[in-house]
Amino acid sequence: MSVAPLAVEVICVFCLAAYLLHKYGNIRRQHVLVTLASLVAWYFSMIIIFILPLDVSTTFYKICLGSIQPPVTPAAILSPPTNATPHANQSYTDAPSSVNATVNDDQSLVRRDALFDTPTCQVPWSYVQEHVLPNMWHVVYWTSQILTWLILPFMQSYATSGDFTIQGKIKTALIENAIYYGSYLLIFGALLIYVAARPDLQIDGPRLKMIGITASNTWGLFLLVLLLGYGLVEVPRKCWTSSNREQLLAYTRFQVAKLSTDKSDAEESLEDVLEEVSKASEAIRYNHPHRKYMDTVLRKVPEDMQARLNRGMDDYEDYPDGRSASIPSEKDLVALHRKTIRAVTGQHRTQIQWDILMERAFGLEDIGESEKCADRRFRSTFPQHYTGILKHICTPTVEWYWKCLVRPWVLKVLTVILAVFSFVVIWSEVTFFNKKPVLSLFAIFINVAAKNYDYFYIELASCLTITYLCVCVYFTVFRIRIFNYYYIAPYHQTDSNSLLFSGILLCRLTPPLCLNFLGMIHLDKHVTGNEDQEIETAYTSIMGHMDVISFLSDGFYIYYPILVIVVALGTFFSVGNRCLGLLGFQQFIGDDDMTSDLIEEGKEMIKREKRKRQRVEDGEARRKSWRDRYGTTKDRASSLQNRDASDSDSGRGSMKSGALYGKESSLLHRIASQLAKYSRVKDKDDSAQVELLKDSEPLDYDDSLAENEEFDRAKYTRSQAGRSSRQTTGSRWTGGRGYGSQAPPKGLFDDV
């Protein structure tokens, strides 16, 4: 008996949840409360998946202990008790089998003690004390339920609210979550009325708690079966499609063409919102009471788009007469703030999806081109630069063998394994309510392992099964169109709203999924029909049974999962996609004209995007080559100055070098100062385009600069007068564009 395996799993699951949150979220930009809430939701949902197998193995060990204890008979009552509960490392050898042969022969066929033929029970390698798992399940379950029904939906609406005060955000969050709270309260109220209408039941604290758990599990199971039926077919199909490069490339082109419409709509929506923000910012000046609200809206705009906005901070402009009527009210700013958040989030989401699809399309096209190479070296249009040990492992030859030869076969083998797994899950879901004979394949496999005391296999099989069920369910959630507003993207590209939404689904669907798994392996006495079985998992003891509501415990929870086979068959024959295609929605169907047109359109879009990125990379390469060869202006000036100093020290060419350096530095300084005076720098990109050679600094207009400017102007006038006297006489100035008899321009770019 040791808590080491449990402690190791708890720590490993926490590290896994933290790593995934770091990979998908942006901890530096997100609010600390969003990060903590998402971490707790992900961690507690994952810990159910990985700790429940330990609970299953411990339950089988307890069943073994109970099966070898002698039954209560008159002879046993007269004789003193022997072999009280020994130490966990001891064995049980005093279990008479003759008494059980004459009592309850029919019930002995379904009792769990029939699983164990030998009177010796081996202790599981992960066995812990009896009070550890129940206490853990209490904390994990109720914390996850509070998160999924109260805290996370409230935080989600609070984050997207457009109000500027805490009270306003709270009010908006409560109104928006009325749908979620209403659906839960509707189920809870219906069950409460059903219990109150029965005269044989009394409403007390435990029954109210059971009604609340039943309402949550009913909502989760109703959604779980629909999502599971779709995912059990689509996950193997997705894996098979990934093994076929041409089919995957066609599907990627289809997605690109389909996403381009959403991307254009998101960009147009953002442009419209930015125009409204610019007008509001121009109307609300710096001295208006609502200016602080306007600044909050401006902070939500991306940094690369803030330069085009009019911030209304010019202190020399004030409100003209009659302009106060066009100033937005606080209610208008709240609506504008909310629209800005949604528009920025939508544009960011579509841009991330676009980049991911383009990277996938470029990679698939590179694989197709590399397959034709005779030297078996992978050639990439945009090569990925590896560092460290990967630089020596991921060579072009190794990459060619993996992507062009090995990876497709690995995916095909994995597809077969997943297809078999899906068939076993569907069969077990349809037949797990059958008690004699046991038809659920998971129950048969687990019982055989328990009979052989193979607790490690029990835990491994349970963990893999629950994990696969979760993958199928959550794959469906983010594949359905209605949930396209939420998107999980790697490399810190997932927004706070999507992280909170994923935490809500994890906490809401994992508990009923685990209960469904316990039913498939017949660890629920309501499924096995054995009322004498008093030993159940600690998780079931916390969740309880639905005896209070008989039509749910005896009907809905047992027979509703059969619907999974109907959903799976409809998904296998693409009934939903074909119906949506007939209604005009764009769906990927191989023998459809609309699909072919979208594939060709996506192909052209990928070509344009590739040429665009290649031009950008070529430009960066040329600039880098130029910098490496000639350096910057400051480097050339410093090198010239150093050369002048060295020539002066050696006594050679000091006059020539000094004159050359003085002339060049004076010219550079004059051009830079003129650019700084007569150029208005708006942002970082504009300054990079305006400043000459990127080494000029803006100068302040002071008295000394004015004196130098007057001196340069007088000198310039005298030189032009002497030049005009030597040239053809006339009233036009020949030094530049026609100014008549007017004076020449003051600065270098005054005529531009």
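Residues numbered from 1 in each chain as written. Predicted model: local features only at pLDDT ≥ 70, side-chain atom pairs only at ≥ 80, totals over all residues. Heavy atoms only, no water.

A. Structural view of the overall build of the protein chain. In terms of helices and strands, the protein chain carries 25 helices and zero strands. Total accessible area on the protein chain stands at roughly 42600 Å², and carbon and sulfur atoms take up 59% of it. (Helix = DSSP H or I, 4+ residues; strand = E, 2+ residues; numbered from the N terminus. Areas by Shrake-Rupley, 256 points an atom, 1.4 Å probe, with all protein chains shown as cover.)

B. Focus on unusual backbone geometry. With phi around 55°, R376 is a residue other than glycine that occupies positive phi space. Of note, R376 is situated in the loop between α10 (330-370) and α11 (390-393). Residue H522 is not a glycine yet carries a positive backbone phi of 60°. Inspection of the secondary structure assignment puts H522 in the loop between α15 (496-520) and α16 (525-528).

C. Looking closely at the packing of aromatic side chains. A complete count under the given rule lists 17 aromatic pairs for this structure. Their ring planes at 70° and their centres at 5.1 Å tell us that Y61 and Y127 sit as a pair that is edge-to-face. Highlighted residues: Y61 in helix α2 (residues 32-67) and Y127 in the loop between α3 (74-78) and α4 (132-160), separated in sequence by 66 residues. Side by side, Y61 and Y127 carry an identical accessibility label, which is buried. Judged by centre distance (5.2 Å) and plane angle (85°), the ring pair of W400 and Y401 falls under edge-to-face. (Phe/Tyr/Trp six-rings, centres within 6.5 Å; stacked < 30°, edge-to-face > 60°. Buried < 20%, exposed > 50% of the residue type's maximum accessible area, 1.4 Å probe, protein only.)

D. Highlighting the pattern of salt bridges. Applying the stated criterion to the full structure yields 15 salt bridges. Of the charged contacts, one joins E359 and R613 as a salt bridge, the two residues approaching to 3.0 Å between their closest N and O atoms. Separated by 254 residues along the polypeptide, E359 in helix α10 and R613 in helix α21 (residues 593-630) bring together distant segments of the chain. Residue E359 is classed as partly exposed on the basis of its relative accessible area, which comes to 48%. Each of the salt bridges in this network shares a partner with another, and the network as a whole consists of D355, E359, E609 and R613. (Salt bridge = Lys/Arg side-chain N within 4 Å of Asp/Glu carboxyl O.)

E. Main features of the state of the cysteines. Throughout the structure, instances matching the rule amount to one disulfide. Covalently, C64 is tied to C121 through a disulfide, its sulfur atoms 1.9 Å apart. Across the disulfide from C64 to C121, rotation about the S-S bond amounts to roughly -90°, and the bridge is consequently left-handed. Taken as a pair, C64 in helix α2 and C121 in the loop between α3 and α4 lie far apart in primary sequence, 57 residues in all. Note on C121: relative accessible area 3%, which makes it buried. (Disulfide = S-S within 2.5 Å.)

F. Seen up close, a nonpolar patch on the surface. A cluster of nonpolar side chains, F222, L226, L563, I565, V566, L569, F572, F573 and V575, forms an exposed patch at the surface whose accessible area comes to about 820 Å². For the nonpolar patch, the secondary structure elements donating two or more residues are α7 (205-243) and α19 (563-572). Element by element, the count of residues in the nonpolar patch is highest for α19, at five residues. Examined against the element boundaries, L563 turns out to sit in helix α19. (Patch = residues over 30% accessible without salt bridge, like charges linked within 9 Å, V, L, I, M, F, W, Y side chains within 5 Å.)

G. Local environment of the confidence of the model for the protein chain. Here the protein chain averages 75 in pLDDT, while 70% of its residues score no lower than 70. Mean pLDDT in the protein chain bottoms out at α3, which sits at 37, and peaks at helix α12 (residues 396-431), which reaches 93. Counting interchain partners and residues more than four positions distant, the pLDDT-below-50 stretch residues 321-325 has three contacts. A low-confidence stretch, residues 652-661 stays under pLDDT 50, and its non-local contacts, those more than four residues away or across chains, total eleven contacts. (pLDDT = per-residue confidence, 0-100. Contact = heavy atoms within 4.5 Å.)

H. The arrangement of α21 in detail. Between its terminal C-alpha atoms α21 stretches 56 Å, which fits the 56 Å expected from 38 residues at 1.5 Å a residue. Taken together, the buried positions of α21 are T595, L598, I599, G602, M605, I606, E609, K610, R613 and G619. Packed against the buried residues of α21 are α8 (245-283) and α10. In the stretch just after α21, G631 is the one whose phi turns positive, near 75°. (Expected span 1.5 Å × (residues − 1).)

I. A look at the side chain of H337. With respect to the helices and strands, the residue H337 is situated in helix α10. Accessibility expressed as a relative area gives 2% for H337, which makes it buried. Of the polar contacts made by the side chain of H337, one reaches the backbone oxygen of G162; its length is 3.0 Å. At a separation of 3.4 Å, a polar atom in the side chain of H337 contacts the side chain of K300. Sequence-distant contacts of H337, defined by excluding residues within four places in its chain, comprise S161, G162, D163, F164, T296, V297 and K300. (Polar contact = N/O pair within 3.5 Å; in protein donor to acceptor, adjacent residues only side chain to side chain.)

J. Fine view of the packing of α7 against α12. α12 packs onto α7 with a crossing angle of 165° between their chain directions and a minimal axis gap of 7 Å. With respect to their mutual orientation, α7 and α12 come out roughly antiparallel. Where α7 crosses over α12, the handedness of that crossing is left-handed. In this structure, α7 uses L228, L232, V235, P236, C239, W240, S242 and S243 to contact α12, whose residues at the interface are R407, P408, L411, K412, L414, T415, L418, A419, S422, V425, I426 and E429. Considering only residue class, the contact of α7 with α12 consists of 13 nonpolar, four polar and three charged. (Axes fitted to C-alpha atoms, helices over the stretch in contact; angles between N-to-C directions. Parallel < 35°, antiparallel > 145°, perpendicular 65-115°, else oblique. Left-handed = near helix turned anticlockwise from the far one by under 90°. Nonpolar A, V, L, I, M, F, W, Y, C, P; charged D, E, K, R; others polar.)

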